[in-house]
Amino acid sequence: MTPNNKSPHGKTSHSTTAGAREKADKYTEFVSAGLGRDLAKRLGLPQPAILRRYNPQAPLVEGPILVLGQGSGADAVAQVLLDWHQDVRRHATPKTKLGAIVAVLDDVQNPGELSEPMLAVAGSLRDLNKNARVVSISRLAAPDDAPETAAARNAVDGIVRSLAKELRAGATANGVVLENGIAADSPSAMAALRFFLSGRSAFVDGQFLSAASEGSRQAPNWEKPLEGNIAVVTGAARGIGAAIARTLARDGATVVAVDIPAAGDHLAEVANEIHGTALQLDITNPEAGNRILEHAMSRYGRLDIVVHNAGITRDKLLANMDAARWDSVVAVNLEAQLRMNKALLANTCFADNGRIISVSSTSGIAGNRGQSNYAASKAGIIGMVKSTAPLLAPSGGTVNAVAPGFIETAMTAKIPFATREVARRLNSLQQGGKPRDVAEAIAFFAQPQAAGVTANILRVCGQNLVGQ
Ligand code: NAD
């Protein structure tokens, strides 16, 4: 994550406008063609791919989708993909390059039953196109499952995480985990499948989304899934927050962009660009939650989505930690969110189908030297999300978090060259993510279709080698 947050605001990069093709880092560009590619190959250096990122005009995947799995569940998933106008295959066809493999493993009852579908996946891996997707659909291993069933279901975890490490050329492997019901009948599971297949999940690798069978039964508008929604994004003046605001706006939401008064100019730029409104507010203000609600209600008469993105770092080894560093990080990154959530939950304006999405960090999962305060706040978010989910559930609301790994922002650009170069390669995709990669995951959680996806912590880290 970022070294510290003491510097003045950098320029907000407009090259990150959602939908545009973004440049890869210089090393990736160098090893992607010609002499650089040959050299990297000969020396065995990392060869990160230029990732396929979401573009509303581009196909969902680049090539046919092979759906593997025996039961009626696999047939039904194949039918959903056909309804999405995809080129679906039920058997491998020699010499056909594939855009994706979907392995439907929802009826697996014991480990022996994994062999056949996994060897079928294995047989088609060499046919995958660049930036292809492998997505498993399996069932949650529950404590009341028979041990062999739980073993088989949990085995999928190991398979997907290992395969993600094996794939190259921008291809990823991820999994949808069914909490209940039938995959094809679960709008949330199918929305998660679509997210993993699409360029929206470019920097999500080796991860799982678990979905209950709830979800909007309305015909989805995949291009503008957030049409008519009012969203608030904190820390929206720059970096990841600005990308979240742009992405939610691209998906149809009207966005209230929140940031501290000192960031007012950049905040206004972002808000104007996306035809939203700017709200200058320090989220540590005890009244922040109510101020946000008042702003949204008076301007738009509703509030549907709240993204807690604002965050700071004040790094120091714990041995050298002082109260100012510790307290400020916990106050901004965690206590402000807890207080704002209380205000949201207490207000009937945010009652129906509300969405809360927090930005955690892989530092909160794996820990990071010199970031005990930051990791405390980001791990705290994970606890907060899990215990807030049941509070929102009765009104159809969800709360989830994303945990970004190394993301290319103004802050990470300030890390010394050698440290930065190592940090950004330490994941299966061998590159840093873009702010919009984090934003796409947040936009997924906000979709009406994802109503059954709650209490998830989704890492957006290219399968960073630290942590899970
Ligand atoms: P950034 O410093 O570029 O932007 C953070 C924004 O939050 C700034 O505009 C800042 O003014 C605002 N902010 C800070 N304190 C605030 C307050 N009290 N009230 C309102 N706004 C406030 O950071 P970023 O890199 O874009 O990170 C955004 C989020 O993503 C943070 O929560 C961060 O911890 C998390 N994250 C970032 C990375 C990364 O690699 N950049 C990795 C993991 C997690």
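Treat the numbers as computed from the prediction; the structure is a model and nothing was measured.

J.: When you look at helix H9 (residues 288–300) in this model, what are you seeing that I'm missing?
T.: An α-helix turns once every 3.6 residues. As a result, residues three or four positions apart point the same way. Here H9 spans 18 Å end to end across 13 residues, near enough to the 18 Å set by a 1.5 Å rise per residue. Buried within H9 are the following residues: Ala 288, Gly 289, Ile 292, Leu 293, His 295 and Ala 296. Angularly, the buried residues of H9 cover 160 degrees about the axis, an arc narrow enough to put them on a single face. Across H9 from its buried face, at more than 90 degrees, point the exposed residues Glu 294 and Ser 298. Turning to H9, the residues buried within the fold contact strand E7 (230–234), strand E8 (254–259), strand E9 (277–280) and helix H10 (323–346). Just downstream of H9, Gly 301 is the residue with a positive phi angle, here 75 degrees.

J.: It is not clear to me how the packing of aromatic side chains should be interpreted in this structure. Could you clarify?
T.: A full pass over the atoms with the stated rule returns four aromatic pairs. Measuring from centroid to centroid gives 5.7 Å for Trp 84 and Trp 222, while their planes differ by 75 degrees, and the two rings are edge-to-face. Of the two residues, Trp 84 is situated in the loop between helix H3 (72–83) and strand E2 (88–89) and Trp 222 in the loop between strand E6 (208–211) and E7; the sequence distance between them amounts to 138 residues. Take Trp 84: its relative accessible area is 13%, and that puts it in the buried class. Looking at Trp 222, the relative accessible area reads 19%, which means it is buried. Residues Phe 195 and Phe 444 carry aromatic rings whose centres are separated by 5.0 Å and whose planes lie at 25 degrees to one another, so their mutual orientation is stacked. In this pair, Phe 195 sits in helix H6 (residues 187–197) while Phe 444 sits in helix H14 (residues 435–446), placing the two residues 249 residues apart along the sequence.

J.: Would you mind showing me how to read the site of the ligand here?
T.: Taken together, 30 residues are adjacent to the ligand, and Arg 238, Asp 259, Asp 282, Asn 309 and Tyr 374 come closest. The side chain of Asp 282 places a nitrogen or oxygen atom 2.8 Å from a nitrogen atom of the ligand. In the complex, the protein chains occlude 97% of the 830 Å² of accessible area that the ligand would expose alone. Put simply, the parts of the chain that give the shell around the ligand at least two residues each are helix H7 (239–250) and helix H12 (372–392). Grouping the amino acids of the shell around the ligand by side-chain chemistry returns 14 nonpolar, 12 polar and four charged.

J.: Can you walk me through the side chain of Glu 440 in this structure?
T.: On the secondary structure map, Glu 440 appears in helix H14. A relative accessible area of 1% means that Glu 440 is categorised as buried. With residues up to four places along the chain from it excluded, the contact list for Glu 440 reads Tyr 54, Phe 195, Arg 200, Thr 247 and Arg 250.

J.: Sorry, what's going on with the sheet that holds strand E1 (residues 65–68) here?
T.: Either a parallel or an antiparallel arrangement is found when strands of a sheet pair, and the pairing is made through backbone hydrogen bonds. Spatially, the six strands line up as an open sheet ordered E2-E1-E3-E4-E5-E6, and their pairing is parallel. Of all the strands in the sheet, the pair left with one neighbour each is E2 and E6. With four bridges joining them, strand E5 (residues 172–178) and E6 adopt parallel strand pairing. The partner of Gly 175 across the bridge, within E6, is Phe 208.

Reading guide: rules and limits
- Residues numbered from 1 in each chain as written.
- Predicted model: local features only at pLDDT ≥ 70, side-chain atom pairs only at ≥ 80, totals over all residues.
- Heavy atoms only, no water.
- Helix = DSSP H or I, 4+ residues; strand = E, 2+ residues; numbered from the N terminus.
- Expected span 1.5 Å × (residues − 1).
- Buried < 20%, exposed > 50% of the residue type's maximum accessible area, 1.4 Å probe, protein only.
- Arc of directions from axis to C-beta.
- Contact = heavy atoms within 4.5 Å.
- Phe/Tyr/Trp six-rings, centres within 6.5 Å; stacked < 30°, edge-to-face > 60°.
- Near = heavy atom within 4 Å.
- Polar contact = N/O pair within 3.5 Å; in protein donor to acceptor, adjacent residues only side chain to side chain.
- Areas by Shrake-Rupley, 256 points an atom, 1.4 Å probe, with all protein chains shown as cover.
- Nonpolar A, V, L, I, M, F, W, Y, C, P; charged D, E, K, R; others polar.
- Pairing = 2+ DSSP bridges.

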